[in-house]
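Summary of structural features
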Amino acid sequence: MKDSKLKPIQTLDDIPVEWIKDYLKRSKDNYISGVYGIIHPEHGFMTYDVDIDKLILHCVYGNGNYWYDVAIDLAKQLGLPKLLFATQRNWRAFERKYGARLVGYVMEIDVK
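Summarised in this report is the structure supplied together with it.

Conventions and cut-offs
- Residues numbered from 1 in each chain as written.
- Predicted model: local features only at pLDDT ≥ 70, side-chain atom pairs only at ≥ 80, totals over all residues.
- Heavy atoms only, no water.
- Buried < 20%, exposed > 50% of the residue type's maximum accessible area, 1.4 Å probe, protein only.
- Helix = DSSP H or I, 4+ residues; strand = E, 2+ residues; numbered from the N terminus.
- Pairing = 2+ DSSP bridges.

The next subject is the pairing of strand β3 (residues 44–50). Counting buried residues in β3 gives six out of seven residues, a clear majority hidden from the surface. As paired strands, strand β2 (residues 36–40) and β3 are joined by five bridges and run antiparallel to one another. By the bridge assignment for β3, Y36 is matched with Y48. Hairpin connection, β2 to β3: the antiparallel pair is bridged by three residues. Sheet analysis places β3 next to strand β4 (residues 54–62), joined by seven bridges and oriented antiparallel. Residue pairing across strands places M46 opposite V60, the latter belonging to β4. Counting the residues in the hairpin turn of β3 and β4 gives three residues.

Put into structure tokens, the structure is as follows:
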């Protein structure tokens, strides 16, 4: 995807504070994670890591359809055959819209 407004994120200061606050509120995450990131002034931001055969999406904020296309293009450029992500939303929506499949579960234990 060639988009001249798409830029790498160098530090969290590159992301508008209101976007970070909105992302954290919506996602219920406590922080922005991911080793790498890219931002678009009109479409939001995406943070990610690279595994042996996967592009791992950590935080995706803004236009989901746009970031899906960016993630697919990035995975192809890097020679990675899969995207991996987690969601607190209804996973079946991602299954229907993007052909995602459920490959595991995320577990949480309260430490007392």
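Here the narrative resumes.
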